[in-house]
Structure formats: C-alpha cells, structure tokens
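One letter stands for each residue in the lines below.
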Amino acid sequence: MYKIIRSKYLASESLLKQIVGAVFEHWQLLWVLLLLLIAPLLTMWVAPNIFNVIINNFWYQLAFLTILVMLAIAVCRKLTDIFSLRKKEICITWCQMSILIAVGIWIIGFMIIFNTKSHPRYAAALAVIGTLTAWIFQDTIKGVVAFTHLRLNHQLCIGDWIKVPKYNVDGVVTRVSLTNVTLYNWDTTTASIPTSVLHSDYFVNLQKMRDGKTYGRRMYKTFIFDTGWFHLLSAEEAEELRSSEDIVRYLPKEEIKEGMLNAQLFRLYLFHWLMNNPHISQQPSLIVRWMEQVEFGMPLQVYAFITDTALSSFEWRQSQIIEHIFMSIDWFGLRLYQSPSSYDVSNSNIHLTDKAATYRKEDNL
C-alpha cells in the first residue's frame, strides 16, 4: 500500500500530492511520530496525571521535535531529487531553504525546552554547546551561504556544464543542495563537491556557450614555425602563388608581391581564410598573430570562436581547420618546427661537403 501511494503521488504534478508521497516514502519516521502523538492521548482517558507528566517531560518534547524535523528534512530531500530530475529550479531552492528553516526550528525549540526545564545557571553551558555546534558545522554554514549566493545570482542551475579546475571536475550538474553539488562528468564518472567550493574557489559555467547564447566556443592554438624557412618571395614564387586558385580565392592578387616575406603572406592568407569560414565567428575576436620568438622557432597563434559549440561538432571543425593549416603551410614554402628524432638524424640530407648545406626544399632536390 505504501509503495502504491508513494509511486502514484510522487509521479503527480500536484505539489501537495508530491509532499504526501514523500511522507509515505519515509513511513518509518511517520509511524514513530504518530506513536509519540497518540501515546499521550491514550493515557489522557485513563490517567490524566500521567498525560501531563508525559507532555511536560523534557525528553518527550525533544524526541517529538527531533522526529518531526527529521521527517521534514527527509521529505525535502526527496522532493529535491524529484525537482532536480524535472529541473524545477524555484522548487529546489524552496526545498533547500525549508531544510534550513527546519533546522532553525529545531535549534529554537531545543533552546526553549532547555530553558523552561533547566535551571538558569545552565545558560552558560547552553552557550558553550551552541559555540561547539557552530564550530562543528562550520562547513555546513559555509555551504548555506554559498547556496544562497549561487541561487540568488543565478550562477548555477541543474543541467549546467561547469568546470572546477582545482578538483578536476568537468561535467553537468545533476543535483544542488545546501551542502553538496553532484555532477556527472564527461568521463562517465560522478563527482560530489561541497557547495562552498563554488563560492570560495574558481569555477567556470559553460552552459550559455553550450546553448549557443554566446559567439561560440573558443579555439586557441599555437603553431611553432621553423624560421630557417622564412625568406623573401622571388618573382617566380610570387607569380606561382598568384596563379593558385586556392590562395587567390581568399587573398587578392595585388597583395601578393615580390619581396614580401612568405611568413607574412601566409599569416594574411590564414586570417582571410578564417574570416570567410562559415563556422568561424568574427566576434568577439578573430586573431592570427606572430608571438615572441622562442628557442624552437616563431609561434603563430590562432585565436577564434567556432560557432559549433557541441563537443563532437567543435572538435570536428577544429580538426578541419588545423588540417587546412597543415596543408596550406607547404604552399608558402614554410615548415613547422619539430625536435629531431633518431630517424631524422640517421636520415639527414646534410652532408659534409664543400657545398654549404641548406634547409630549403628546392635546393635539396
């Protein structure tokens, strides 16, 4: 019977029925509460004096209050799980705040019961107990503050994709409570972190980008070029580039001039090619720039935003762009830097001869 009522009412859209179903989910606490409520009433007809003794007993009042608060918290936790599945953000917030209110009622009730049944000299002991309790539950208090801050400022919702680099967390939020945030990571694992972490430490919410509410997903790549292949274009090289349909489609012929640096021309070509790519957003930034030279060569940085923000689509488009860069590098007589391997050393085309060695391809053929 309990299972039938529980399943039927929890699946309902009515909030009242959902509460009833959550109460029946924790029928053990409900039975204890009913027994505590009915037991004194049974004695009232037999021995009214015993009834008054039970009602005014410190431990009875404390037990009744504790069971009532435990049932309220259990119901709110169950409703939080249901509302998390249905992504009812307002209901989740109210459930968690109800838990906080229930705990506050228990503390206030305990103090009232303690003060009415104890000698005033125990007030100091009560203050010490309160201090120790605050110290023990300081993380919970921090979580409450963090939860309130995150919810009021709409910084975290069910279904949001977040990253917490400090804890190596990268996934989708499945549950938010006063003390913990549960996530389903992209590597199919589940993680739970304290809510206070998202208030005190750095985290990134990528949901707006994922939903297409930003300019796109950032592509940030750096390619290191071997400066030994940088040279000024000869007349023949400039004419050959002007005759290439793949190049002049994005780079006007008049910009290809004799005496230009081939690295400069490649940078201009790549920038124009990215501008004309339908999967690249020109906002907020589209940058192709040479960075400070390092010991390995000259880094070329590509900073752009791809409009396909889904993980698989983004990686596919990014790979296509990188592959095009690799392909077009050869058109301009350039070469990426790569540390020599044992194979490179054993198959080197540089020989100890009277003729000076060069890294230029056309001179080695």
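Residues numbered from 1 in each chain as written. Predicted model: local features only at pLDDT ≥ 70, side-chain atom pairs only at ≥ 80, totals over all residues. Heavy atoms only, no water.

A. Representation of the state of the cysteines. Within this structure, the stated rule accounts for 0 disulfides. Cysteine Cys91 is unpaired, with the sulfur of Cys95 as its nearest cysteine sulfur at 6.8 Å. Take Cys91: its relative accessible area is 27%, and that puts it in the partly exposed class. With no disulfide of its own, Cys95 has Cys76 as its nearest cysteine by sulfur position, at a separation of 5.3 Å. Its relative accessible area of 7% is what places Cys95 among the buried residues. (Disulfide = S-S within 2.5 Å. Buried < 20%, exposed > 50% of the residue type's maximum accessible area, 1.4 Å probe, protein only.)

B. The confidence of the model for the protein chain, seen in detail. On average, residues of the protein chain score 82 in pLDDT, and 83% of them are at 70 or above. When pLDDT is averaged over each element of the protein chain, strand S9 (residues 298-306) comes out on top at 95 and helix H16 (residues 361-364) at the bottom at 52. (pLDDT = per-residue confidence, 0-100. Helix = DSSP H or I, 4+ residues; strand = E, 2+ residues; numbered from the N terminus.)

C. Quick look at the pairing of strand S4 (residues 190-194). Side-chain alternation along S4 places Ala191 and Ile193 on a buried face and Thr190, Ser192 and Pro194 on a face that remains uncovered. Where strand S3 (residues 180-185) meets S4, 5 bridges bridge the pair, whose relative direction is antiparallel. What sits directly across from Leu183, in S4, is Ala191. The turn linking S3 back onto S4 is made up of 4 residues, and Thr188 within it adopts a positive phi angle of 70°. (Pairing = 2+ DSSP bridges.)

D. Seen up close, the packing of aromatic side chains. Under the counting rule described, the total for this entry stands at 12 aromatic pairs. Between Phe225 and Phe266, the ring centres sit 5.6 Å apart and the planes meet at 55°, which makes this aromatic pair tilted. Of this pair, Phe225 sits in strand S6 (residues 217-225) while Phe266 sits in helix H13 (residues 262-275); the two residues are 41 residues apart in sequence, bridging distant segments of the chain. A relative accessible area of 0% means that Phe225 is categorised as buried. The class for Phe266 is buried, based on a relative accessible area of 0%. Taken together, Phe225, Phe230, Tyr250, Phe266, Tyr269, Trp290, Trp331 and Phe332 form an aromatic cluster joined through their ring pairs. (Phe/Tyr/Trp six-rings, centres within 6.5 Å; stacked < 30°, edge-to-face > 60°.)

E. Here's a closer look at the pattern of salt bridges. Under the defined criterion, the tally for this structure stands at 5 salt bridges. Its salt-bridge partner being Asp81, residue Arg175 comes within 2.5 Å of it at the nearest N-O pair. Pair noted here: Arg175 is in strand S2 (residues 169-176) and Asp81 is in helix H5 (residues 58-86), with a separation of 94 residues, a long-range link. You can call Asp81 partly exposed: its relative accessible area is 33%. (Salt bridge = Lys/Arg side-chain N within 4 Å of Asp/Glu carboxyl O.)

F. Focus on the pairing of S3. Where burial is concerned, the two faces of S3 differ: the one with Val181, Leu183 and Asn185 is buried and the one with Asn180, Thr182 and Tyr184 is not. By the bridge criterion, 5 bridges tie S2 to S3 in an arrangement that is antiparallel. Looking at S3, one finds that Val173 is bridged to Leu183.

G. Representation of unusual backbone geometry in the model. A cis amide bond links Gln283 with the next residue in sequence, Pro284, at an omega value of -5°. Summarising the element assignment, Pro284 is placed in the loop between strand S7 (280-281) and strand S8 (287-290). In this model, His154 sits at a positive phi of 55°, which is unusual for a non-glycine residue. Structurally, the position occupied by His154 is in the loop between helix H8 (138-152) and strand S1 (161-164). Taking the relative accessible area as the measure of exposure, His154 reaches 67% and is therefore exposed.

H. Representation of the sheet that holds S1. If you walk across this open sheet you meet the 5 strands as S4-S3-S2-S1-S5, and the pairing is antiparallel. With one partner strand each, in any of the chains shown, S4 and strand S5 (204-205) form the two edges of the open sheet. With 4 bridges connecting them, S1 and S2 associate as antiparallel partners. When the sheet's bridge partners are listed, Val164 is paired in S2 with Val169.

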